[in-house]
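What follows is the residue order along each chain.
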Amino acid sequence: MSILQKWKRNIQLLLTHPDRNRVCHSVKQEQGSALVMVMFVVLILTVLGLAVLSATVGGAKRTETRENDVQSLHLAQKSLDETVAYITAQLDQKRNIDPVSLDADILNITQQVQNQINTDIKTSTDLQASGAGPSQARLMSIVYKGPEKGTTSQLTRYALTLTAQANVNGVIRTLVQEVNIDTFPEFLSYALGSEHNLILNGAPNVIGNIYAGNSLLTSRTARYTYKAANHTQSTQYPHLNGDAYVQSLDAIQEEKVMNQYTPINMDATLANDSLGRVLGISLEQVNIKNKKKFVQVNMDQTFIDKIAEAVSVNRNDIQTMYNSSNQNPAQLMTDVAKRYGIKQLTLPTKPATPVRPAVGAPSTEWDQYNAAVAAMQSYEEQMAKLKVTLATLDQSVVFNGDLELDGVTFNQLNYAQKAGKWFLLNGSLTIDNYQQSSINIRANMLTAGNVTIHGEADLDATIYVMKTPSNATDYTTVLQDATIKGLNGKEVVLLSKGGILLNRIEAFSSTPTTIKGFFYTEAAADLYGVGSVFWLDGGFFAKGDLTVNAVVGDAVGGASDIEVNPSSNVGSRFRVTYNESVYADQQAGLPRIQQVNVRVGKLELK
């Protein structure tokens, strides 16, 4: 039925309705109500439309403000990055850097940057600020704090503070970043590290930063050898209280199947859970560091540097002599002693013990006896004199032959001032001390042979072990049942061309063996905290793979295996705590690198 037909029918009903007058009056009263309803609906729709429009406009403005905020932060960071790149480029032009003159070099570079700030040089971008031209950023200030000094008067590191500001569409953001510069080998920056793979099996406790030049492999299964058999022990995952420096996020892997490692889940929502499980850290503690930027140590070149320093001659002359000796450290020491007249020390040959002749023996026998007694007295006098000499060293010397410090015959090797002075040991060093008192060594040492330490020793020393091992598995440095304390609160830095063995015969004790020092090897290395308890106050770095195996709890040697009680109060049986004071304590003996390290700190929003 059409609308017209409906109206027609309604009119007919109205005309024929018996009470049509009352109906007409009712209709008249309702006239205009539809218009009010329509206006009310229109008002509601208008209000809703304005609300939607306001929300849309507000959201667009917030989005624009947020974009400007992010863009201004990126632009301010770009200004900081450009400044750091300029500083790095200026420092990279310098070779064979003298740490003492580096202060003046940095001051000069700082002045150059300050001149650029004064000329109002800005960092621009293609982003356009509405009606305000291109967005810009500028370095606001550069502050050189000067060289930071350690416990000695020698310089350690140099700190700069950069402040940059950016303006994008009226949104202004200011960023501050600290830049640290030093001339020391990078391995001293880490508690544990490897230029290849860093493998953490079980539960080592690491307090400090770690570095992996290839992969960082984690497992909750420790490996060890007991009674000539290989064993495994399930325990906790490693725990890191510091940052992890890796090549990529995929380089962090865990062992889910024996000897099969897979990258941990780095999905945005799961990364923190994955890292927390296998290392006890968050994503913020993971840093990507390209291994091409890792400042390596060249022990042969460092050896030449230190020999040249010991005899105060041109480094090129020592380089030529080293090449002529077929790069033989022992031969170089011999040749240097002959050519430059450096003081030489030699262990006197012990004569035969005098045997008193029988009563009535011929006079010839008595003459031989008296000669033997005189020879022994001369030997004892030479040994006493040598003991005093070793305790009061004041210049670089060459010691020909092996040297053993047993706490009785010799109990110290001491330089009152060791900077620029070197003890060249053309042989092997053995510390074999089971006396009540400790053996003290305060010296910078170059050794052509092996280094072996038993018992307790207090060291303030930098030691280079230059013997090349006959095969990759040979140890040229052995610390067996050794307790190394810092002399006068300092430590040892030991660099070895061959492997380093840390071993403890008296195992299964819960009392830790404390070793204070930094150790570097050009070989691979394996460290254990299973049967033994090792606490390392310093760091350990390997050019090859570095593998650490550790468990939590007490350990008892059984008939065929080690029994571990994880519920005991004993924590990890291997703990390393980074000690940054090494920079100040051992600067004079540390390897000199060919370029500086420029390290940037985290950004701070002001």
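Here, every reference points to the structure presented above.
Residues numbered from 1 in each chain as written. Predicted model: local features only at pLDDT ≥ 70, side-chain atom pairs only at ≥ 80, totals over all residues. Heavy atoms only, no water.

Engineer: A description of the overall build of the protein should follow, citing residues and the corresponding values.
Structural biologist: Regarding its fold elements, the protein presents 10 helices and 36 strands. For the protein, contacts bridging at least 24 residues in sequence account for 63% of all contacts bridging at least 6. Looking at the protein as shown, the accessible area adds up to about 30300 Å², and 51% of this sits on carbon and sulfur atoms. (Helix = DSSP H or I, 4+ residues; strand = E, 2+ residues; numbered from the N terminus. Contact = heavy atoms within 4.5 Å. Areas by Shrake-Rupley, 256 points an atom, 1.4 Å probe, with all protein chains shown as cover.)

Engineer: Could you give me a rundown of the sheet that holds strand S6 (residues 198–202), with the residues and numbers involved?
Structural biologist: Overall, mixed pairing links the 6 strands, which are arranged S15-S14-S9-S6-S31-S29 in an open sheet. Where the open sheet ends on each side, the last strands, each with one partner, are strand S15 (260–263) and strand S29 (525–529). Neighbour to neighbour, the strand axes of the sheet diverge by 20° on average, direction disregarded. (Pairing = 2+ DSSP bridges. Axes fitted to C-alpha atoms, helices over the stretch in contact; angles between N-to-C directions.)

Engineer: Lay out the side chain of Ser572 in plain terms, naming residues and giving numbers.
Structural biologist: Within the secondary structure layout, Ser572 lies in the loop between strand S33 (562–565) and strand S34 (574–577). Separated by 2.8 Å, the side chain of Ser572 and the backbone oxygen of Phe574 make a polar contact. (Polar contact = N/O pair within 3.5 Å; in protein donor to acceptor, adjacent residues only side chain to side chain.)

Engineer: Give me the pattern of salt bridges: which residues, what numbers.
Structural biologist: As a working rule, side chains carrying opposite charge can pair if their charged atoms are close by. Inspection of every chain in the model, using the stated rule, returns 9 salt bridges. As a salt-bridge pair, Asp305 and Arg315 come within 2.4 Å of each other at their nearest N and O atoms. Pair noted here: Asp305 is in helix H6 (residues 299–311) and Arg315 is in helix H7 (residues 315–324), with a separation of 10 residues, a long-range link. The partly exposed category is assigned to Arg315, whose relative accessible area is 24%. (Salt bridge = Lys/Arg side-chain N within 4 Å of Asp/Glu carboxyl O. Buried < 20%, exposed > 50% of the residue type's maximum accessible area, 1.4 Å probe, protein only.)

Engineer: Tell me what's going on with the side chain of Asn433, and back it up with residues and numbers.
Structural biologist: Along the chain, the position of Asn433 falls in strand S22 (residues 429–433). Asn433 gets classed as buried once you look at its relative accessible area, which sits at 2%. There is a polar contact of 3.1 Å between the side chain of Asn433 and the backbone nitrogen of Gln435.

Engineer: Provide a residue-level description of the packing of H6 against helix H8 (residues 329–340), including the pertinent values.
Structural biologist: Angle between the axes and distance between the axes are the two parameters that describe a pair of packed helices. Packing of H6 against H8 brings their axes to within 12 Å, and their N-to-C directions diverge by 20°. In terms of orientation, H6 and H8 fall into the roughly parallel class. Handedness of the crossing formed by H6 with H8: right-handed. Together, Phe303, Ile307 and Val311 of H6 and Pro329, Leu332, Met333, Val336 and Tyr340 of H8 make up the contact between the two elements. (Parallel < 35°, antiparallel > 145°, perpendicular 65-115°, else oblique. Left-handed = near helix turned anticlockwise from the far one by under 90°.)

Engineer: Would you mind going over the nonpolar core in detail, with residue names and values included?
Structural biologist: Counting 71 residues, the largest nonpolar core has Leu192, Leu216, Leu403, Phe423, Ile441 and Phe540 as the members making the most contacts within it. If you tally residues by element for this core, the top one is strand S24 (residues 451–465), at 7 residues. With 37 residues, the next largest nonpolar core counts Phe187, Met299, Tyr520 and Val582 among its residues. (Core = buried A, V, L, I, M, F, W, Y, C linked by side-chain atoms within 4.5 Å.)

Engineer: Describe in detail the packing of H7 against H8, supporting the description with residues and values.
Structural biologist: The contact between H7 and H8 brings their axes to 9 Å, and the two run at 130°. Overall, the two elements H7 and H8 adopt an arrangement that is oblique. Crossing handedness for the pair H7 and H8: right-handed. Seen from H7, the contacting residues are Asp317, Ile318, Met321 and Tyr322; seen from H8, they are Pro329, Leu332, Asp335, Val336, Arg339 and Tyr340. For the contact of H7 with H8, the residue count by class is 7 nonpolar, no polar and 3 charged. (Nonpolar A, V, L, I, M, F, W, Y, C, P; charged D, E, K, R; others polar.)

Engineer: Pulling in residues and values, what's your account of the environment of Pro566?
Structural biologist: Assignment of secondary structure puts Pro566 in the loop between S33 and S34. Taking the C-alpha atoms as reference points, Pro566 and Gly553, separated by 13 residues in sequence, lie 4.2 Å from one another. In this structure Pro566 touches Val552 and Gly553, once residues within four positions along its chain are discounted.

Engineer: Run through a nonpolar patch on the surface, naming residues and quoting values.
Structural biologist: Side chains of Met37, Phe40, Val41, Ile44, Leu45 and Leu48 sit close together on the surface and give an oily, nonpolar patch of about 580 Å² of accessible area. Position of Leu45 among the secondary structure elements: in helix H3 (residues 33–92). (Patch = residues over 30% accessible without salt bridge, like charges linked within 9 Å, V, L, I, M, F, W, Y side chains within 5 Å.)

Engineer: Can you explain H6? Please cite residues and give values.
Structural biologist: Across its 13 residues, H6 extends 18 Å between first and last C-alpha, which sits within 8% of the 18 Å expected from 1.5 Å per residue. Most of H6 sits out of view: 11 of its 13 residues are buried. Taken together, the buried positions of H6 are occupied by Met299, Asp300, Thr302, Phe303, Ile304, Asp305, Lys306, Ile307, Ala308, Ala310 and Val311. Sitting at the amino-terminal end of H6 is Asn298, which places a side-chain oxygen 3.2 Å from the backbone nitrogen of Asp300. Where H6 ends, the next residue or the one after it, Ser312, has phi of about 55°, a positive value. (Expected span 1.5 Å × (residues − 1).)

Engineer: Quick rundown of unusual backbone geometry? Include the residues and the values.
Structural biologist: The backbone phi angle of Gln327 is positive, close to 55°, even though this residue is not glycine. Mapped onto the elements of the fold, Gln327 is located in the loop between H7 and H8. The class of Gln327 is partly exposed, set by a relative accessible area of 44%.

Engineer: Residue-level account of the pairing of strand S26 (residues 492–496), with values.
Structural biologist: For S26, the tally of buried residues reaches 5 of 5 residues, placing the bulk of the element in the interior. The side-chain alternation of S26 yields two buried faces, one formed by Val492, Leu494 and Ser496 and the other by Val493 and Leu495. Pairing between S24 and S26: 5 bridges, direction parallel. Its bridge partner being in S26, Tyr464 is matched across the sheet by Leu495. Judged from the 5 bridges that link them, S26 and strand S28 (residues 513–521) form a sheet pairing that is parallel. Residue pairing across strands places Leu494 opposite Phe519, the latter belonging to S28.

These values are about where atoms sit, not about what they do.
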